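Structural overview for review
The residues making up each chain are set out below.
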Amino acid sequence: MQTKETQLQQMLSQLRTRLLVMFAAVGIALEEALLALESANKGKAQAVIDGDDLINAKENEIDELALSILVRNQPVAHDLRFVVAALRMVSELERIGDEAVDIATLTCRMDCSPSPKMFSTLAPLVSNARDIYSQVQELFKNPSAVKALELSRGDVDSTQLEFTVLQTIMTELSREGGENCKHTNLVSCSSTQGILIARALSRVCGRAINLAEQIYFIEQGVNIKHLPAEAVQSSV
Amino acid sequence: MKIRTKNINFFYGNSQALFDVNLDFPECCVTALIGPSGCGKSTYLRCLNRMNDLIPDAKATGEIWLDGVDINSRRTNVVSLRKQVGMVFQKPNPFPKTIFENVAYGLKVNGMRNPSEIADKVEQSLIRAALFDEVKDRLHTSALGLSGGQQQRLCIARALAVEPAVLLMDEPASALDPIATQKIEESIHELKEQLTIIIVTHNMQQAARVSDYTAFFYMGKLIEHGETETMFTRPSLKQTEDYITGRFG
């Protein structure tokens, strides 16, 4: 058995470290964007927007490193799966960063603060996005095929949650608008923001689930992306 | 299955080199045998056309069936067997004769006398080995004047001339440059439409490129065998994974 790390192993460790850093950077951007939204803090929101360039730069670095590993070492088996998944994951992470930027941009453009009622409506989706992202981040640190599979099957819950939130907002919009025409603009502005934020949060959940699918692929070598539950069960 | 092997054990004197190897080879497919040096893959390969019979004190046990015929049977004609199961070695070994005579040699040994028939066979074999275009204007010059890659393809053409059903290749491209290696691999790809090919290689990428099935040997034992794509993306055993990813061997 060799004790010294090969060049490939060193490069794979480097790739893993850079992905962990990217997970953390995107996680911070998401959290800051949500805090900025909750506190209507435009300065904090602007910081998230400004920080996106760093996330984009990290994506490029990881892309280059993954390509370099493929060219220099032609990895196979788990190593190959890891590099292929890294290329897919880095793209998902960058897009979660973009969702954080979208939420921050909405916060910056707010002429009307979302009502506390709107926050309470969005709260389950905010909590779900935070929870799924932190779970997938932890899963990448400590990979487990069982947990990855479990997490990846959560997309139905996220979709249902988004639907419920949107339905609540729409009901609120029609009711408030009908009751008091003076407040219609205010309500519709707040509701539009709410809908856009709900959409962004739902996408965060979807992308986090895609990340879980990639972790499963790394561990098991089985691609469960786009597979219906029954097909996943049979492939497992 | 073209070849079936059952409980193959092999001994060099008192030293056992193969332990109960059970492996089958589908017809018109390429199977790569991989594993670290000394794992028994070349020994196993040479069992398949009884090349090991030539080694003093060597003993093989087990069953090898080629098209349902036991090749270790006393009734088996070894010369006829090696005509059916051709072999290409690591180092090109052309005869010190012309290119034409190298390919024609096996035909003549097997009793072919008609010059035009021989010439046709030589041309076909050189075409199948992807060498004809490069040597068609100098067929009657010495084979030793060819490059290493061309010599190796000449050896393939020589093996093909007698129309084997199986071709054994023991690291056929290990001494060749990337262009020559690519030509050999292209030949393998073409030949597998008509032949069953078994190739020993230390080059994991080559095994992944050319073979349909891969068998991993370690310390004389067959550890894992399966479709190449599966073996190189998600092998079942950690030992296989560790070897193909370069963690040992």
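For the structure, see preceding data.
What comes next concerns the included structure. (Residues numbered from 1 in each chain as written. Chains lettered and ligands numbered in written order. Predicted model: local features only at pLDDT ≥ 70, side-chain atom pairs only at ≥ 80, totals over all residues. Heavy atoms only, no water.)

**Some remarks on the sheet that holds strand β5 (residues 69-70) of chain B**
All names here are of chain B. Read across the open sheet, the four strands follow the order β2-β1-β4-β5; overall the sheet is antiparallel. With one partner strand each, in any of the chains shown, β2 (15-25) and β5 form the two edges of the open sheet. Relative to β5, strand β4 (residues 58-66) is paired through two bridges, and the arrangement is antiparallel. Each bridged residue has a counterpart across the sheet, and for Leu66 the counterpart in β5 is Val69. (Pairing = 2+ DSSP bridges. Helix = DSSP H or I, 4+ residues; strand = E, 2+ residues; numbered from the N terminus.)

**Some details on the pairing of strand β9 (residues 213-218) of chain B**
All names here are of chain B. Judged from the four bridges that link them, strand β3 (residues 30-34) and β9 form a sheet pairing that is parallel. Following the sheet pairing, Ala32 is matched in β9 by Thr214. Pairing analysis gives six bridges linking β9 to strand β10 (residues 221-227), with the strands arranged antiparallel. Paired with Thr214 across the bridge in β10 is Gly226. Here β9 folds back onto β10 in antiparallel fashion, the turn holding two residues, of which Met219 has a positive phi close to 50°.

**Things to note about the pattern of salt bridges**
Counting across every chain of the model gives 19 salt bridges over all chains. For Arg207(A), the salt bridge is made with Glu92(A), and the minimal N-O distance between the two is 3.2 Å. In this pair, Arg207(A) is assigned in helix α7 (residues 184-220) and Glu92(A) in helix α3 (residues 77-108), connecting sequence segments 115 residues apart. Of the two residues, Arg207(A) and Glu92(A), neither departs from the other in class, the shared state being buried. Ionic pairing is found between Lys136(B) and Asp133(B), a salt bridge with its closest N-O pair at 3.9 Å. By relative accessible area, which is 40% here, Lys136(B) ends up partly exposed. Under the relative-accessibility criterion, Asp133(B) is labelled exposed at 63%. Within this structure, Glu31(A), Glu38(A) and Arg130(A) form a network of salt bridges that share partners. (Salt bridge = Lys/Arg side-chain N within 4 Å of Asp/Glu carboxyl O. Buried < 20%, exposed > 50% of the residue type's maximum accessible area, 1.4 Å probe, protein only.)

**Notes on the environment of Glu224(B)**
Residue and element names in this part refer to chain B. Topologically, Glu224 is positioned in strand β10. With 22 residues separating them along the chain, Glu224 and His202 place their C-alpha atoms 16 Å apart. In this structure, Glu224 is in contact with Thr214, Ala215, Phe216, Met231, Pro235, Ser236, Leu237 and Thr240, ignoring residues within four places of it in sequence. Here Thr240 takes part through its side chain, which lies 2.7 Å from a polar atom of the side chain of Glu224. (Contact = heavy atoms within 4.5 Å. Polar contact = N/O pair within 3.5 Å; in protein donor to acceptor, adjacent residues only side chain to side chain.)

**Overview of the packing of helix α3 (residues 99-109) of chain B against helix α4 (residues 115-128) of chain B**
All names here are of chain B. At their nearest, the axes of α3 and α4 sit 9 Å apart, and the two run at 120° to each other. In the crossing of α3 with α4, the sense of the turn from one axis to the other is right-handed. Each of Phe100, Val103, Ala104, Leu107 and Lys108 in α3 lies in contact with α4, whose residues at this interface are Ile118, Ala119, Lys121, Val122, Ser125 and Leu126. Per-class residue counts for the contact of α3 with α4 are eight nonpolar, one polar and two charged. (Axes fitted to C-alpha atoms, helices over the stretch in contact; angles between N-to-C directions. Left-handed = near helix turned anticlockwise from the far one by under 90°. Nonpolar A, V, L, I, M, F, W, Y, C, P; charged D, E, K, R; others polar.)

**Brief notes about the interface of chain A and chain B**
You'll often see interface size given as the accessible area lost when the parts meet. The partner chain B presents twelve residues to the 16 residues of chain A that form the contact. For the pair chain A and chain B, the two sides together bury roughly 1,100 Å², of which 50% comes from carbon and sulfur. At the boundary of chain A and chain B, one finds one salt bridge. Counting across the interface, chain A meets chain B through six residue pairs in polar contact (both at pLDDT 80 or more). When residues of the side of chain A that touches chain B are traced back to their parent elements, those giving at least two are α1 (7-39) and α3 of chain A. Residue composition of the side of chain A that touches chain B, by class: six nonpolar, eight polar and two charged. (Buried area = accessible area lost by both parts, 1.4 Å probe.)

Function cannot be read off these values alone, since they describe shape.
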